[in-house]
Amino acid sequence: MNRVVVWLNRSLKRKLLLPLPLLLFGAAVAAVTVWGIHADFQKQMLERVRLHAQLVANFVNYAAESVSRPGELQRIVAAIGADDDIDLIVVVAGHPARVLASTRNAWLGKTSAELPVNDMGADLEAATQTRQSYHHYHPESAQYGLAAPLLLSQPGLANLSLTSGAVMVYLDMRPTQVAMRRLAFALSAAFLAALVILTGFGYGLIRHFILRPVARFGTLAKLRPADADGSWAEVATADELGALARTLHDSLTRTDALLHEVEDQKNTLQASEGRWRFALEGAGDGVWDWDVPTSTVFSPNATRRCSGTPRTSSAPGLRHGPAASTPRTCRG
Amino acid sequence: MKKTTPPARRFARALRALAFPTLRHLPFLVAAAALAGTFGCAPEKPAPFRIGINAWPGYEFLYLAQEMGFYRKEGLEVRVVEFSSLSDARRAYERGQINVIAATVIEVLQIRDHSQRSLQIVQVIDFSSGADVILARPGLTNAAGLRGARIGVELASLGVYVLVRGLEQGGLGLADGKLVSMDQLSMEDAFRKGELDAVVTYPPTSIQLLRDTKANTVFSTADIPGEVVDVIAVEAELNTQRPGDVAKLLRAYHRAIAYARQNPAEAYRIMAEREGITPEEFHASLTDGIQLLSESDQADYFRPGGKLAAVIDASDRILRQSGQIKGPDRRSNASTAAFAGKGTTP
């Protein structure tokens, strides 16, 4: 953990990229949301498909009660069944129930039990006998089947009562599913693309407005003796970075000035010391410099010759004070 | 000291830097472009072929190709949409429910006249040489006897053409009969019940009526050989945009014909079941009254000034005379030779 903190602290760029995991988390949340939307779409689609199948069944029922010839019903069923989302329609009636009309001509006249699709015959029989609707969704074939009861007119018969029957409608859900998948896919892709683009754009802005100026600070600080003021104008913007740049620039300027001052003082001191040494040498005997805090005595050559002490010596040798060794004593 | 850059200029410079990114930005842009390109602009799956057919022996090979999985073997998604009459198939095309139709030249001309959806003949299936008939109740033995008769006919389809040609033979016109608009199944029922004196029909209805009643054939296309031609017609846009798929569709169709030649019992059983007749009756209908055409016959029909052009001209003339089509002449490009004799036979 500590290493991570150290690693982070070493680079502003790393700190700026720190929210990236959050961004990825956001993408994951968005993906879950898209999945949720997709599931909701699926539910709504099934409901709409059920309504569509019911509408077709109602229409066939209406036609079955209205037509005067079986051929007319067959014609209507074939025309309705030509729509691309309708897989098949079968109308049965009688005992045993036989196919009166269908989108598949080969099934005409067959009994419900002879129909080659699983459960279809049983559903039709059940719908005829119980007068209730039955519906199934077959995910493997993307088909939705609805069996609904209906009544058929019997024109030309002595018995004018209506005959009970049933209609089976199979809807092909593949086109709707494909359209839905495409939509969900397009939404997800657009979201991800927007995420990537915005991330890139955001990084570009951060890089342009923060990382580059900060890097420029360092460059300018290194180049400072060469270009003391000119380039700083580029980074001295009105924002916080500009204030930082100005502060840094001012600090460096003041430091420069202080260094110059110290240098000048040093030069002045050296010059002063030189003059003092010259004065001492020129003055000859009996002059010494007693540095009281360090108890050190500096003496010119003439004085040293008189007193017999080295150029510098410790004060204990002169414990009687300067009066103990005077130029006059030396002369005598 | 240098002059400070104005903020607006700095911002413009920043935008310019983003608009013309450095190489370091490139991965982001490439990722974005790839995402958008892969997911957002993925090509749509081509629409399936939806072939409209009605009960007619010559069209059954298109159904057989579906049942035998020949379209799937060609990599095509095809659904054969079954109708009980030619006029219903025509109407379905005009409504956009189908994009391929098996019909006669008459329906093709009618569709081109009624609809903005352009249609082109790509293959000739057969010509009728006796299968399209006018059947009359016992007692009516010739076309001249149809004056004042109640005649069941599918309006806005081939039926009217056959009736016009039949009445002509009897020296009559359309106005001389009492036309009753009816589909094939209903006219069979009405004829059996004596509600009609005559019907304009074709197999399988004609076979059933001739088998079960004492109907007389007062006219048939044997009297006008080569005039009634059955074709496969495809939406013109598909011919230009997906010619490879159209060729595959025709290849599957010819494969079905070849299959029927090699396995007649199985093929006739499948096709006869859909027609509601026996395999023997189906076989008879194919050999008696219909002349199936092979791929080698196509060139004769599709060449400039060939047999098909002659049929189109004759049909157009008669349909205009009988008021079945009234719009501008749309015979040009009614057919395309792009698929005739171009190796569609497997």
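Keep in mind the model is a prediction, meaning the values are calculated, not measured. (Residues numbered from 1 in each chain as written. Chains lettered and ligands numbered in written order. Predicted model: local features only at pLDDT ≥ 70, side-chain atom pairs only at ≥ 80, totals over all residues. Heavy atoms only, no water.)

Quick look at the packing of aromatic side chains
Residue and element names in this part refer to chain B. Tallied over the entire structure, the rule returns 4 aromatic pairs over all chains. Arranged with centres 5.8 Å apart and planes meeting at 75°, the rings of Trp 56 and Tyr 202 form a pair that is edge-to-face. On the criterion of sequence distance, the pair formed by Trp 56 in the loop between strand 1 (49-54) and helix 3 (60-67) and Tyr 202 in the loop between strand 8 (198-201) and helix 9 (205-212) is long-range, its members being 146 residues apart. Seen in terms of ring centroids, Tyr 268 and Phe 282 are 5.7 Å apart; in terms of plane orientation they differ by 55°. Their pairing is tilted. Of this pair, Tyr 268 sits in helix 12 (residues 264-275) while Phe 282 sits in helix 13 (residues 279-287), and the two are 14 residues apart along the sequence. Residue classification places Tyr 268 among the buried positions, given a relative accessible area of 15%. An aromatic cluster of three or more residues is present, and its members are Trp 56, Tyr 59 and Tyr 202. (Phe/Tyr/Trp six-rings, centres within 6.5 Å; stacked < 30°, edge-to-face > 60°. Helix = DSSP H or I, 4+ residues; strand = E, 2+ residues; numbered from the N terminus. Buried < 20%, exposed > 50% of the residue type's maximum accessible area, 1.4 Å probe, protein only.)

Focus: helix 8 (residues 184-192) of chain B
Among the 9 residues that make up helix 8 of chain B, 7 are buried, leaving the element largely enclosed by the rest of the structure. Buried within helix 8 of chain B are the following residues: Gln184(B), Ser186(B), Met187(B), Glu188(B), Asp189(B), Ala190(B) and Phe191(B). Taken together, the buried residues of helix 8 of chain B touch helix 4 (70-81) of chain A together with strand 5 (133-136), strand 6 (150-153), strand 8 and helix 9 of chain B. Capping the start of helix 8 of chain B, Asp183(B) holds a side-chain oxygen 3.2 Å from the backbone nitrogen of Leu185(B), two or three residues further along. Following helix 8 of chain B by one or two positions, Gly194(B) has its phi on the positive side, about 80°. (Contact = heavy atoms within 4.5 Å. Polar contact = N/O pair within 3.5 Å; in protein donor to acceptor, adjacent residues only side chain to side chain.)

Things to note about the side chain of Asp123(A)
Relative to the assigned elements, Asp123(A) resides in helix 5 (residues 120-130). Apart from the residues lying within four places of it in its own chain, the contact partners of Asp123(A) are Tyr134(A), His136(A), Ala147(A) and Met168(A).

Observations concerning the packing of helix 6 (residues 105-114) of chain B against helix 15 (residues 307-321) of chain B
Residue and element names in this part refer to chain B. Contact pair helix 6 / helix 15: the axes reach a minimum separation of 10 Å and the direction vectors enclose 65°. In the crossing of helix 6 with helix 15, the sense of the turn from one axis to the other is right-handed. Listed contacts from helix 15 to Val 105, Ile 106, Leu 109 and Gln 110 of helix 6 are Leu 308, Val 311, Ile 312, Ser 315, Asp 316 and Leu 319. (Axes fitted to C-alpha atoms, helices over the stretch in contact; angles between N-to-C directions. Left-handed = near helix turned anticlockwise from the far one by under 90°.)

Let's talk about helix 7 (residues 158-169) of chain B
Residue and element names in this part refer to chain B. Spanning 12 residues, helix 7 covers 17 Å between terminal C-alpha atoms, matching the ideal 16 Å at 1.5 Å per step. Most of helix 7 sits out of view: 10 of its 12 residues are buried. Taken as a whole, helix 7 has its buried residues at Leu 158, Gly 159, Val 160, Tyr 161, Val 162, Leu 163, Val 164, Arg 165, Gly 166 and Leu 167. Gly 171 lies just past helix 7 and shows a positive phi near 75°. (Expected span 1.5 Å × (residues − 1).)

Examining the side chain of Asp172(A)
Residues and elements named next belong to chain A. If you trace the backbone, Asp 172 turns up in strand 5 (residues 163-172). Here Asp 172 falls in the buried class, since its relative accessible area comes to 7%. A polar contact of 3.0 Å, which involves the side chain of Asp 172, links it to the backbone nitrogen of Arg 174. Not counting chain neighbours up to four residues away, the residues in contact with Asp 172 comprise Asp 84, Asp 85, Asp 87 and Ala 142.

Digging into the domain arrangement of chain B
Size of an interface: often given as the accessible area lost when the parts come together. Residues and elements named next belong to chain B. When its domains are assigned, chain B resolves into domain 1 (49-127 + 227-339) and domain 2 (133-223). Using only C-alpha atoms to locate each centre, domain 1 and domain 2 end up separated by 24 Å. Each partner contributes to the interface: domain 1 provides 24 residues, whereas domain 2 provides 21 residues. Together domain 1 and domain 2 conceal approximately 1900 Å² of surface at their shared face, both sides included; 63% is due to carbon and sulfur atoms. When the area that domain 1 buries against domain 2 is broken down by residue, the three leading residues are Val 228, Glu 281 and Ile 318, summing to 22%. Our count for the contact surface shared by domain 1 and domain 2 stands at 2 salt bridges. Put simply, domain 1 and domain 2 have 9 residue pairs in polar contact (both at pLDDT 80 or more) between them. Elements that contribute at least two residues to the side of domain 1 that touches domain 2 include exactly helix 5 (86-94), helix 6, helix 13 and helix 15. Looking at the side of domain 1 that touches domain 2, its residues break down into 8 nonpolar, 11 polar and 5 charged. (Domains from an automatic or database assignment. Buried area = accessible area lost by both parts, 1.4 Å probe. Salt bridge = Lys/Arg side-chain N within 4 Å of Asp/Glu carboxyl O. Nonpolar A, V, L, I, M, F, W, Y, C, P; charged D, E, K, R; others polar.)

With respect to the environment of Tyr144(A)
Residue and element names in this part refer to chain A. Examined against the element boundaries, Tyr 144 turns out to sit in strand 4 (residues 143-152). For Tyr 144, a relative accessible area of 3% gives the class buried. Setting aside anything within four residues of it in sequence, one finds Tyr 144 in contact with Leu 46, Val 49, Arg 50, Ala 53, His 135, His 136, Tyr 137, Val 169, Tyr 170, Leu 171 and Met 173. A polar contact of 3.1 Å, which involves the side chain of Tyr 144, links it to the side chain of His 135.

Focus: the sheet that holds strand 5 of chain A
All names here are of chain A. Strand order in the open sheet made by the 5 strands is 2-1-5-4-3, with antiparallel pairing throughout. Each of the sheet's edge strands pairs with one partner strand only, and the pair in question is strand 2 (98-102) and strand 3 (134-138). Ignoring strand direction, the axes of neighbouring strands in this sheet form an average angle of 25°. Two strands pair when backbone bridges link them, and strand 4 and strand 5 are joined in this way by 10 bridges, in the antiparallel orientation. Pairing of Leu 146 across the sheet is with Val 169, part of strand 5. (Pairing = 2+ DSSP bridges.)

Regarding the layout of surface pockets
Looking at the largest pocket, its volume works out to about 1500 Å³. When grouped by side-chain class, the residues that make up the lining of the largest pocket number 20 nonpolar, 9 polar and 20 charged. (1 Å grid on protein atoms, 1.4 Å probe; cavity = no way out; pocket = protein on both sides within 12 Å on 5 of 7 lines; lining within 4 Å. Points joined across faces, edges and corners; volume = space filled by probe spheres on them.)

Some details on the packing of helix 11 (residues 243-262) of chain B against helix 12 of chain B
A pair of packed helices is characterised by two quantities: the angle between their axes and the separation of those axes. All names here are of chain B. Direction vectors running N to C along helix 11 and helix 12 enclose 120°, while the axes themselves pass 5 Å from each other. Classified by the interaxial angle, the pair formed by helix 11 and helix 12 is oblique. The residues of helix 12 that touch helix 11, namely those facing Tyr 259, Ala 260, Arg 261 and Gln 262, are Pro 264, Glu 266, Ala 267 and Met 271. (Parallel < 35°, antiparallel > 145°, perpendicular 65-115°, else oblique.)

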